[in-house]
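Chain and residue survey
Here is how the chains run, residue by residue.
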Protein chains: 4
Amino acid sequence: MAAFLAGSPLLAAPQEQLLNVFDFDAAAKAKLPKTAYEYVSGGAWDEWTLRRNRTMFERIIFQPRFFRQVDKLDLSLTLFGQKMSMPILVAPTGTHALVHPDGELATVRGAGAAGASMVVSTSSSFPLEKISAEARTPLWFQLYTGPDAEGTKERVIRAVETGCKAICVTVDAPYQAPREKDARNGLVRVFREDSGGSRQRRYSEEAPGSPSGLPMRFQATLNWSFLDQLCGYAKVPVLVKGILTKEDALLALQHGAAGGVVSNHGGRYLDGAPSTIEVLPGIVDAVQGRAPVLIDSGFRRGTDILKALAIGAKAVLVGRPPLWGLGAQGQDGVRRVLEILQTELAWAMGLSGRSTLAELDRSLVRLE
Amino acid sequence: MAAFLAGSPLLAAPQEQLLNVFDFDAAAKAKLPKTAYEYVSGGAWDEWTLRRNRTMFERIIFQPRFFRQVDKLDLSLTLFGQKMSMPILVAPTGTHALVHPDGELATVRGAGAAGASMVVSTSSSFPLEKISAEARTPLWFQLYTGPDAEGTKERVIRAVETGCKAICVTVDAPYQAPREKDARNGLVRVFREDSGGSRQRRYSEEAPGSPSGLPMRFQATLNWSFLDQLCGYAKVPVLVKGILTKEDALLALQHGAAGGVVSNHGGRYLDGAPSTIEVLPGIVDAVQGRAPVLIDSGFRRGTDILKALAIGAKAVLVGRPPLWGLGAQGQDGVRRVLEILQTELAWAMGLSGRSTLAELDRSLVRLE
Amino acid sequence: MAAFLAGSPLLAAPQEQLLNVFDFDAAAKAKLPKTAYEYVSGGAWDEWTLRRNRTMFERIIFQPRFFRQVDKLDLSLTLFGQKMSMPILVAPTGTHALVHPDGELATVRGAGAAGASMVVSTSSSFPLEKISAEARTPLWFQLYTGPDAEGTKERVIRAVETGCKAICVTVDAPYQAPREKDARNGLVRVFREDSGGSRQRRYSEEAPGSPSGLPMRFQATLNWSFLDQLCGYAKVPVLVKGILTKEDALLALQHGAAGGVVSNHGGRYLDGAPSTIEVLPGIVDAVQGRAPVLIDSGFRRGTDILKALAIGAKAVLVGRPPLWGLGAQGQDGVRRVLEILQTELAWAMGLSGRSTLAELDRSLVRLE
Amino acid sequence: MAAFLAGSPLLAAPQEQLLNVFDFDAAAKAKLPKTAYEYVSGGAWDEWTLRRNRTMFERIIFQPRFFRQVDKLDLSLTLFGQKMSMPILVAPTGTHALVHPDGELATVRGAGAAGASMVVSTSSSFPLEKISAEARTPLWFQLYTGPDAEGTKERVIRAVETGCKAICVTVDAPYQAPREKDARNGLVRVFREDSGGSRQRRYSEEAPGSPSGLPMRFQATLNWSFLDQLCGYAKVPVLVKGILTKEDALLALQHGAAGGVVSNHGGRYLDGAPSTIEVLPGIVDAVQGRAPVLIDSGFRRGTDILKALAIGAKAVLVGRPPLWGLGAQGQDGVRRVLEILQTELAWAMGLSGRSTLAELDRSLVRLE
């Protein structure tokens with residue numbers, strides 16, 4: 001009996017051994033230059049929020065029910081009138097060319113192969129039109145902006161004309177991100193010298209801790225009146241990404257937002273901010289179903305996603321997982337990561353006695 | 001083998017050095033092929049529930065009482081009319097031939113030598129009749145089933161005719177188990193190629209994460225009406241194994257169950273499910289003594305068992321411990337593991353001032 | 001100035017480098033045979049209670065007060081009419097000859113040099129009369145007993161005639177201790193072969209986990225009526241050692257005890273029992289000052305002692321620390337360990353704004 | 001693209017790699033003799049309070065708000081009529097010559113270059129007048145004292161005449177500090193032999209644990225009437241440094257203090273004292289704005305400072321960080337450390353939607 005266990009030529013090939021998102025993380029780390037890997041994976045300052053994004057999932061415990069005939073699992077949903085095969089989207093992240101030469105072109109092909117929608121970042125390595133040309137699923141557009149109101153409007157109109165079905169405006173980045181790994185890797189300087197295009201402009205020549213004693217501004221001038229304007233000229237739903245309090249959630253709705261993304265930017269901006277999963281219940285309760293609440297930051301398992309959906313999120317955005325897929329295996333890796341999360345979500349639903357997203361509610365979880 | 005002990009003729013013989021269940025775990029790990037050991041010992045996904053099954057015992061603290069004349073310790077009980085010498089049973093686990101060539105035949109001999117009852121799994125490596133022929137203590141039968149109602153009924157009737165005193169129907173496995181160690185070890189493939197019989201059928205050729213994007217069904221079609229049927233034709237008490245909520249406990253009683261086993265399948269199915277010891281108080285309170293509540297998942301010490309009995313469980317099932325005993329020392333190891341747990345339970349009872357199972361109640365524990 | 005920092009011949013000699021109890025623990029570990037060190041330092045089963053005895057001190061936080069003129073620190077007290085220079089006693093522990101050839105003779109000399117009282121164990125390596133002959137401070141006697149009522153009475157009367165000022169009857173040892181390190185070290189066998197006297201009789205030839213399936217009895221027959229008898233013929237105060245609940249504390253008083261020692265036997269008997277410091281507040285509150293409450297188990301720092309005194313204990317017994325002192329440096333080590341604890345206690349009192357034991361109350365601590 | 005990531009001659013020089021206070025800690029550790037580094041960085045006894053000073057910051061979670069137009073960040077404040085560019089001061093610490101030959105002269109130059117005020121310690125390595133001559137920002141004076149009332153008065157008057165704008169009287173050091181690292185390093189002895197001046201007098205020849213069994217007195221005779229006297233003759237505001245309870249905070253105000261510093265002396269005196277950040281809310285609430293509450297002990301990040309300000313502290317003192325800067329890079333290191341903290345504070349304010357200190361209140365934090 002021991003013989004067949006010792007070693008078999010029929011064992012799965014190495015690539016198939018990447019069974020979960022953590023495997024893709026490790027594979028990307030092994031393959032990418034340190035600077036690129038740490039740019040993707042690092043967090044702000046002491047990375048406390050980055051870690052808390054993971055640990056707080058452990059305070060949510062399933063209450064599975066059985067004998068409920070769950071042989072048909074259905075993960076589909078309609079969001080802002082758009083049919084989706086699963087409540088998982090590719091979150092907006094910048095500069096995919098850092099991890100793969102085809103950048104967002106590969107990412108969007110992988111997402112399309114998995115049937116997932118993608119939110120394209122303002123800081124993409126490729127023009128939106130090129131990315132859109134490769135898309136097989138609807139795109140959304142993530143907006144970074146500043147005091148140039150006209151330029152912003154043009155950018156949004158261009159995104160909508162390119163076919164984007166929603167605008168995600170990021171609110172949690174008034175200043176640059178305090179990521180020390182990037183500074184140690186010299187990423188600021190590298191960007192300044194090696195990129196010519198406008199896409200990397202957000203990396204200033206003035207380093208943090210400069211004689212002025214002040215951090216570098218990014219979107220610091222924005223206030224809620226900007227959202228009024230944006231919702232006025234955008235022809236598609238506008239979501240506010242970066243919500244961490246119920247107060248801001250309600251303000252976003254008052255100023256015209258069609259929905260919100262509970263996010264701490266993957267732990268990449270304000271260290272000491274809460275994990276998103278811990279503030280989700282309060283925000284969902286405050287919004288009272290008037291608009292869809294989405295969420296991101298720290299999702300690595302289908303069970304994580306199921307916890308958020310049970311609490312009341314309508315969909316989950318994943319940022320680093322597809323980037324690790326991209327870094328490890330290109331567009332196929334992006335597809336695999338998304339399929340893994342989809343399978344894990346379905347699996348966890350089945351194992352907890354729920355067949356459809358409509359059956360997910362707070363009775364599925366106990367908050368510790 | 002004596003050599004590694006550095007050679008004192010006066011030291012206890014190696015076998016006697018296995019003093020507790022953890023020692024048998026380590027011995028089995030050292031002796032078994034990795035694939036077999038990890039199949040037995042591993043858990044679902046990130047193994048969070050597997051770990052929590054251990055850590056939550058630490059939140060239950062004894063309140064021992066003294067000077068109560070505890071020189072006579074009595075662990076005997078009557079369960080479903082059956083006299084037992086201790087409130088410890090061998091839990092149903094599958095495919096014992098993976099860890100020992102004699103499989104369940106050795107296990108049942110060891111259990112009998114210790115005076116413990118055994119719950120035989122549907123997925124046993126040997127036919128129930130052969131296992132029964134070796135039994136010196138009453139057997140129970142664990143039932144896995146699917147849409148084939150007639151086949152199920154025949155299986156149950158055969159078990160009862162073979163002498164099984166109770167049926168344990170598992171409810172927490174609507175889909176296959178997401179155990180990544182098994183996948184990494186190629187266990188799916190191994191089963192497909194090396195076993196001919198129907199017993200391994202539950203391992204499908206279709207791997208998780210297949211193009212369909214859906215996990216593999218197992219008992220997904222079952223609902224509570226199946227329990228009505230089962231209790232109708234079974235001539236023995238039917239227990240529902242896998243209860244984690246008071247709602248399901250009450251439903252099980254409504255649909256005819258004679259008892260329940262609070263279980264998360266040893267942390268092998270839904271990762272993120274609670275430890276059983278943390279949900280036991282609520283379930284015991286809900287059942288209000290109308291039927292015996294049993295428990296399994298994570299029990300490794302007599303003190304663990306004492307905690308469950310004090311909270312209100314009538315008996316405890318142990319799964320991995322006898323398998324580690326089997327892997328380390330065959331049927332003698334099974335016997336030793338069960339005797340160790342029995343001795344530890346008696347010892348802890350004596351040291352906490354309780355002589356009989358009837359004296360065990362919540363005053364013995366503080367829940368932190 | 002930098003020069004003297006590099007290395008100076010005037011640095012303290014190694015022996016003086018033993019600054020605290022942990023240093024003596026390490027020194028004893030380095031010097032003693034593994035069997036002896038582990039006998040002294042080990043705990044029951046998984047040693048959970050042993051660890052909890054340490055960690056629970058961290059849940060008690062000082063609330064120091066300042067500007068209270070604390071230039072005169074006074075640690076003296078009167079206990080059962082006996083003047084003591086500090087609220088620290090040597091706890092009863094057995095078989096000191098395991099760690100030093102002079103055994104309890106050296107211990108009592110060291111205790112006397114430090115001005116501390118000692119509680120002599122029934123299981124001492126030397127006869128009580130010999131130990132008493134070396135004592136410079138009052139002794140107490142710790143009583144282990146069994147069904148032989150006459151022998152017990154004789155032992156107690158002999159102790160009182162020898163000059164013992166109090167009897168401490170241990171209640172938490174109805175069965176032998178489940179200490180696996182001792183079993184692994186073959187300590188059972190060692191005792192059987194190397195000792196001739198009756199003092200080691202409590203180590204039976206029958207190992208735990210023997211065919212009987214039951215642990216070995218020790219004081220299993222005792223009940224509260226024994227305390228009535230004992231208090232009847234003892235001419236000195238009787239303390240009950242091993243109290244962990246307020247119920248037993250009150251029963252002890254009802255049956256004649258003059259005081260109690262909150263103890264879990266240093267984590268050496270029932271693993272899973274609470275730390276003593278966590279149950280102390282409830283027991284002190286229940287006793288309401290009717291009798292002195294003492295405490296032991298896990299005290300290693302003057303700050304630990306101060307926490308117990310602030311909660312309401314009248315004195316603290318230390319078991320392993322003097323044994324580590326004995327093992328490391330003989331009677332001088334015993335003295336040093338006790339002086340260190342005395343100094344640390346005085347120091348912590350001064351730093352928290354309290355000059356005398358009478359000023360210690362719950363306002364000094366916050367229980368987390 | 002991969003090429004520029006592999007290694008670039010344009011990467012930042014090593015010195016610039018010291019990005020945060022922890023980097024300066026490590027650099028100082030690498031550069032300084034062990035004795036000097038451990039004197040600066042160590043804590044009392046088991047260093048529990050030292051660690052808790054860090055960990056308790058993790059129980060305070062930001063509630064950032066967005067879209068609030070935070071392009072102008074202003075950290076300035078007025079404290080006791082004194083304009084300050086930031087709410088960060090150099091805490092009083094002794095004997096800077098241990099870490100740099102220029103001692104406090106370098107420290108004060110660095111503080112001035114950063115625009116921060118400094119509190120000069122009684123135990124400085126250089127006379128106050130020399131330090132003052134190098135100052136570019138207002139100084140405060142920290143007072144240690146004893147029974148010599150006249151000498152104390154002279155010292156205070158001299159400090160005020162030298163230009164100090166406030167007196168910080170330390171209340172938490174009635175006895176010497178129980179720091180075992182210093183004892184192990186022979187620091188007591190070193191001081192006795194190598195320093196001639198009065199500045200090191202507080203290190204006595206009598207070591208802790210001496211035959212007297214008592215710790216060495218320091219400011220043990222002081223009581224609140226001393227504060228009455230001090231406030232009577234001091235011509236500048238007197239702050240009480242070392243407050244850990246609301247009771248002492250109120251007593252300090254009653255006896256004339258103009259403010260208080262919540263401090264546990266950096267975890268260097270009473271081990272087991274609470275972290276300052278955990279007692280700050282209660283003290284701020286008790287004081288009800290009648291006087292400024294400052295705080296120190298454990299602050300290493302701008303986010304730590306922001307948490308204290310949000311709870312209600314008016315300013316934060318940092319002790320070890322400038323000493324690590326001093327040890328690593330002399331006066332430039334002091335400047336850098338202070339600028340880093342200033343930048344981090346501003347950055348965290350901007351990222352949490354607050355522009356000025358006046359906007360900081362408890363709505364910014366959730367206390368876990």
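Below is a summary of the structure that appears in this document. (Residues numbered from 1 in each chain as written. Chains lettered and ligands numbered in written order. Predicted model: local features only at pLDDT ≥ 70, side-chain atom pairs only at ≥ 80, totals over all residues. Heavy atoms only, no water.)

**Some details on the interface of chain A and chain D**
Counting residues at the interface gives 54 residues for chain A, matched by 39 residues for chain D. Carbon and sulfur atoms make up 63% of the surface buried where chain A meets chain D, a total of about 4,200 Å² over both sides. Its largest share of buried area at the contact with chain D, chain A owes to Trp45(A), Arg184(A) and Leu270(A), together 15% of the area lost on that side. At the junction of chain A and chain D, the tally comes to seven salt bridges. (Contact = heavy atoms within 4.5 Å. Buried area = accessible area lost by both parts, 1.4 Å probe. Salt bridge = Lys/Arg side-chain N within 4 Å of Asp/Glu carboxyl O.)

**As for the relation of the copies chain A and chain D**
Taken together, a rotation about one axis and a shift along it account for how the two chain copies relate. Of the two same-sequence chains, chain A is brought onto chain D (RMSD 0.0 Å, axial shift 0.0 Å) by a rotation of 90 degrees. Here the symmetry operator amounts to a four-fold rotation axis. For chain A, the residue whose C-alpha comes nearest the rotation axis is Glu368(A), separated from it by 9.4 Å. (Least-squares fit on C-alpha atoms with pLDDT ≥ 70 in both.)

**Looking at helix H4 (residues 103-114) of chain B**
Each α-helix winds once per 3.6 residues, and so residues spaced three or four apart point in a common direction. All names here are of chain B. In this model, H4 (12 residues) spans 17 Å end to end at C-alpha, consistent with the 16 Å of a helix rising 1.5 Å per residue. For H4, the buried fraction is high: 10 of the 12 residues fall into the buried class. Every buried residue of H4 is listed here: Gly103, Glu104, Leu105, Ala106, Thr107, Val108, Gly110, Ala111, Gly112 and Ala114. At its buried positions, H4 is contacted by strand E4 (88-90), strand E5 (118-120), helix H5 (128-133), strand E6 (139-143) and helix H13 (320-351). Of the residues one or two after H4, glycine 115 is the one with positive phi, at around 85 degrees. (Helix = DSSP H or I, 4+ residues; strand = E, 2+ residues; numbered from the N terminus. Expected span 1.5 Å × (residues − 1). Buried < 20%, exposed > 50% of the residue type's maximum accessible area, 1.4 Å probe, protein only.)

**Thoughts on the pairing of strand E7 (residues 167-170) of chain A**
Residue and element names in this part refer to chain A. The alternating pattern of E7 places Ile167 and Val169 on one face and Cys168 and Thr170 on the opposite face, and all of these are buried. When strand E6 (residues 139-143) meets E7, the two strands line up parallel, connected through three bridges. Across the sheet, the residue bridging to leucine 143 is valine 169, located in E7. Each parallel crossover has a hand, and the one from E6 via helix H7 (residues 149-161) to E7 is right-handed. Across four bridges, E7 lies against strand E8 (residues 238-243) in parallel orientation. Paired with threonine 170 across the strands is lysine 241, a residue of E8. (Pairing = 2+ DSSP bridges. Right-handed = clockwise from strand over helix to strand, strands pointing away.)

**Brief notes about the interface of chain C and chain D**
Contact residues are listed per partner, giving 37 residues for chain C and 52 residues for chain D. Taken together, the two surfaces of chain C and chain D that pack against each other cover about 4,300 Å², and 63% of this comes from carbon and sulfur. The three residues of chain C that bury the most area against chain D are Phe66(C), Phe67(C) and Trp347(C), which together make up 22% of that side's buried surface. One can count seven salt bridges joining chain C with chain D. For Arg52(D), the salt bridge is made with Glu368(C), and the minimal N-O distance between the two is 2.6 Å.

All we've got here are geometric facts, nothing functional implied.
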